[in-house]
Number of protein chains: 2
Amino acid sequence: MKIDRQPPIGVFDSGVGGLTVLRALRLALPAEDFIYLGDTARLPYGTKSPETVVRYSLQCAAALLARRIRCLVVACNTASAAALSALRVRHPALPVIGVIEPGAAAAVAASQSQHIAVIGTEGTIGGGAYQSAIHGLNQRARVTAAACSLFVAMAEEGWTDGPIAQAVARRYLEPMFKNDDAPDTLVLGCTHFPVLTASIRTVLPGHIRIVDSAATTAAAVVRQLHNVTKTAGRGHVTWLATDGAARFARVGSTFLGEPLHAERIEIIDL
Amino acid sequence: MKIDRQPPIGVFDSGVGGLTVLRALRLALPAEDFIYLGDTARLPYGTKSPETVVRYSLQCAAALLARRIRCLVVACNTASAAALSALRVRHPALPVIGVIEPGAAAAVAASQSQHIAVIGTEGTIGGGAYQSAIHGLNQRARVTAAACSLFVAMAEEGWTDGPIAQAVARRYLEPMFKNDDAPDTLVLGCTHFPVLTASIRTVLPGHIRIVDSAATTAAAVVRQLHNVTKTAGRGHVTWLATDGAARFARVGSTFLGEPLHAERIEIIDL
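Model, not experiment: these values are computed from the prediction. For every chain, the first residue of its written sequence is number 1, and the numbers climb from 1 along that sequence. Chains carry letters from A onward and ligands carry numbers from 1 onward, assigned in written order. Selection of residues for local features in this predicted model requires a pLDDT of at least 70, selection of side-chain atom pairs for listing and counting requires 80 or more, and totals for whole chains, interfaces and linings are taken over all residues. Only heavy atoms go into the side-chain values, all of them from the structure, while hydrogens and water stay out.

### Quick look at the pairing of strand S8 (residues 209-212) of chain A
The side chains of a regular strand alternate between both faces of the sheet. A pair of strands is considered paired only if DSSP assigns at least 2 bridges between the two. Helix numbers and strand numbers start at the N terminus; a helix is a DSSP run of H or I with at least 4 residues, a strand a run of E with at least 2. Where strand S7 (residues 185-189) of chain A and S8 of chain A come together, 4 bridges link them in parallel fashion. Bridge pairing links Val-187 of chain A to Val-211 of chain A in S8 of chain A.

### Examining the relation of the copies chain A and chain B
Least squares is used to superpose the copies, and the fit set is the C-alpha atoms of residues whose pLDDT is at least 70 in both copies. Of the two same-sequence chains, chain A is brought onto chain B (RMSD 0.0 Å, axial shift 0.0 Å) by a rotation of 180°. On the angle and the small slide along the axis, the relation comes out as a two-fold axis.

### Observations regarding the packing of helix H1 (residues 19-28) of chain B against helix H11 (residues 245-256) of chain B
All names here are of chain B. All axes here are fitted lines through C-alpha atoms, helices being fitted over the stretch that makes contact, and every angle between N-to-C directions spans 0 to 180 degrees. Contact geometry of H1 with H11 gives a least axis separation of 8 Å together with a crossing angle of 50°. Classified by the interaxial angle, the pair formed by H1 and H11 is oblique. Pair H1 / H11 crosses with right-handed handedness. Here H1 contributes Leu-19, Thr-20, Leu-22 and Arg-23 to the contact with H11, which in turn contributes Gly-252, Phe-255 and Leu-256. Residues belonging to the contact of H1 with H11 are distributed by class as follows: 4 nonpolar, 2 polar and 1 charged. The scheme is simple: roughly parallel for angles under 35 degrees, roughly antiparallel for over 145, roughly perpendicular for 65 to 115, oblique for anything else. We call a crossing left-handed when the near helix sits turned anticlockwise from the far one by less than a right angle, and right-handed when that turn is clockwise. Any pair of residues with heavy atoms lying within 4.5 Å of one another is described as a contacting pair. Residues are grouped as follows: Ala, Val, Leu, Ile, Met, Phe, Trp, Tyr, Cys and Pro are nonpolar; Asp, Glu, Lys and Arg are charged; all remaining types, including Gly, are polar.

### What about the pattern of salt bridges?
Pairing between side chains of opposite charge can happen when their charged atoms approach one another. Salt bridge, as applied in this entry: a Lys or Arg side-chain nitrogen positioned within 4 Å of an Asp or Glu carboxyl oxygen. Scanning the entire structure with this criterion turns up 24 salt bridges over all chains. Among the ionic pairs, Glu-122 of chain A bridges to Arg-247 of chain B, the shortest N-O distance being 2.8 Å. Of this pair, Glu-122 of chain A sits in helix H5 (residues 122-127) while Arg-247 of chain B sits in helix H11, each in a different chain. In this structure, Arg-55 of chain B and Glu-266 of chain A form a salt bridge, with 3.7 Å as the shortest nitrogen-oxygen distance. Remark: Glu-266 of chain A occurs in the segment after strand S10 (263-264) and Arg-55 of chain B occurs in helix H2 (residues 50-65); the pair is interchain, linking two chains. When accessible area is computed with a 1.4 Å probe and restricted to protein chains, residues below 20% of their type maximum are described as buried, those above 50% as exposed, and intermediate ones as partly exposed. In this structure Arg-55 of chain B comes out as buried when scored by relative accessible area, which is 19%. Within the structure, one salt-bridge network assembled from shared partners comprises Arg-55 and Asp-269 of chain A together with Arg-264 and Glu-266 of chain B.

### Digging into the sheet that holds strand S8 (residues 209-212) of chain B
Residue and element names in this part refer to chain B. In space, the 4 strands of this open sheet follow the order S6-S5-S7-S8, with parallel pairing throughout. Single-partner strands in this sheet number two, and they are strand S6 (142-147) and S8. Ignoring which end each strand starts from, the neighbouring axes of this sheet average 20° apart. Pairing geometry for strand S5 (residues 115-120) and S6, over 6 bridges, is parallel. The partner of Ile-119 across the bridge, within S6, is Ala-146.

### With respect to empty space enclosed by the protein
If a probe the size of a water molecule is rolled over the atoms, the empty space left behind becomes visible. A 1.4 Å probe that fits but cannot get out identifies a cavity on a 1 Å grid over protein atoms alone, an open set with protein on both sides within 12 Å along at least five of seven lines counts as a pocket, and a residue lines either if it has an atom within 4 Å of a point. Grid points are joined across faces, edges and corners, and a volume is the space filled by probe spheres set on the points. Within this structure, the stated rule accounts for 5 cavities of 30 Å³ or more. Here the largest cavity defines a volume of roughly 680 Å³. As for the largest cavity, its lining consists of 37 residues, and the residues nearest its centre are Pro-44, Val-152 and Ala-153 of chain A together with Pro-44 and Ala-153 of chain B. If you list the elements that add at least two residues to the lining of the largest cavity, you get helix H3 (77-90) and helix H7 (149-157) of chain A together with helix H7 (149-157) of chain B. With 6 residues, H7 of chain A is the single largest residue contributor to the lining of the largest cavity.

### So, the layout of surface pockets
Its volume calculated, the largest pocket comes out at about 340 Å³. In terms of lining, the largest pocket is formed by 23 residues, of which the most central are Thr-47, Lys-48, Ser-49 and Pro-50 of chain A together with Arg-247 of chain B. Elements with a contribution of two residues or more to the lining of the largest pocket: helix H2 (50-65), H3 and H5 of chain A together with H11 of chain B. Among the elements that make up the lining of the largest pocket, the one with the highest residue count is H5 of chain A (4 residues). Per-class residue counts for the lining of the largest pocket are 9 nonpolar, 9 polar and 5 charged. Size it by volume and the second largest pocket reaches roughly 190 Å³. Considering the residues around the second largest pocket, the lining is formed by 17 residues, among which Gly-244 and Arg-247 of chain A together with Thr-47, Lys-48 and Ser-49 of chain B are closest to the centre. Of all the elements in the fold, those that place two or more residues in the lining of the second largest pocket are helix H11 (245-256) of chain A together with helix H5 (122-127) of chain B. For the lining of the second largest pocket, the leading source of residues is H11 of chain A, giving 3 residues. For the lining of the second largest pocket, a count of residues per class yields 4 nonpolar, 7 polar and 6 charged.

See below:
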């Protein structure tokens, strides 16, 4: 069904990591318009408390709603883990899609042994959101989870391959995969991590499946829109950042795979 | 001169890094009371724009002034670089001491060749504050500067020694010290970096002097107080954090070298 001039889809993240999700969304929905908001004045969310992440997420959603969006994608694992229900309660008429439920579903579908490894930020792993989402789909699944905080800084620094990236990956991941009954699937539970996939792959046994929630989230958004989506032309993306539009554009292009230009907006934290 | 019941000295940082400065302050002024504020809801400052860092710094100063302080120590290189003059303009009667001027003075005093290397966050290095402060003391000094963003995450993760810390140090520092006319002094221009000193030392030529601005900042505070300071008893420290008091206490004890208990406060960002 072709419907033109639909309002855009809003996407937010603490910074640039969510651009891996936006990239997948644009591949799935090339004719749609998007507004992407990176809350760079307050990034990262991953080391902050759930209460603070909820407050920031509600403020990001309000800023996007002020620009008329018809659907909200929370392209940040930490915010999806902490704030999804608060966002749905505050905005009952707005479809809100996070990255955790689609990632958990993809992992359960991919794993033969139903022993699944999840890596993410301190906030995502500590809050147990992936563990809950996976158990909601398969009560008997086993989940082994670990926070890999340094991956975020490495992705932002652009140190995505080479010996240091591999050594960091080895230090985080080898303990998870050394036993005979180790997981057969690894969920990249942070939107920064997909740019490190090659380095992560070098330290994993060859049969491990890697699940990145970007593509599965995009598929969930397509389902949410019930195919009521634009099909003709190339959609437009509006880029917003709460701080440092130049840095956002520079670091962001690593994640997006193409150049971008951002506008700075203010968010008032009350 | 012994004066009891003086108001405390206020100290703020984006998070835990400034605890290396507080530790030096307590060594220099053991009987003084301190209030330390870690703006953990918005850390790190090092990748944010100068305008945002000025706004956050003014808000931190206001929160400390509301608790009656008699002197303000900006225990963060990024905030010292961006916000010192704004803080002095806003609070003309309040002594405000940053970490950059004392660090620059210590480096100029330590260097024989007057070729000085400075490492810090993107914000500190990009803003050129150390370069200006060193040139203000010696116009003919040479400064070689580099941003070492990953050091912050490594310090927070507790990966302060071992092969990964050394490999990261080598990648950042070897290019600065490989030539015959390399610097003879290295300024640790971020309060997170002193906990990495041992790893940094392993990749430097043996004759390089390392300057950490914590001790020199403490000496500057002692001078500022004109010896009007308490001399008897053991002072008290009040710990405040804008987010995650438990995480602040856990990560902070690495930097402080002793346990601490923090209270969470709200800062309104207007």
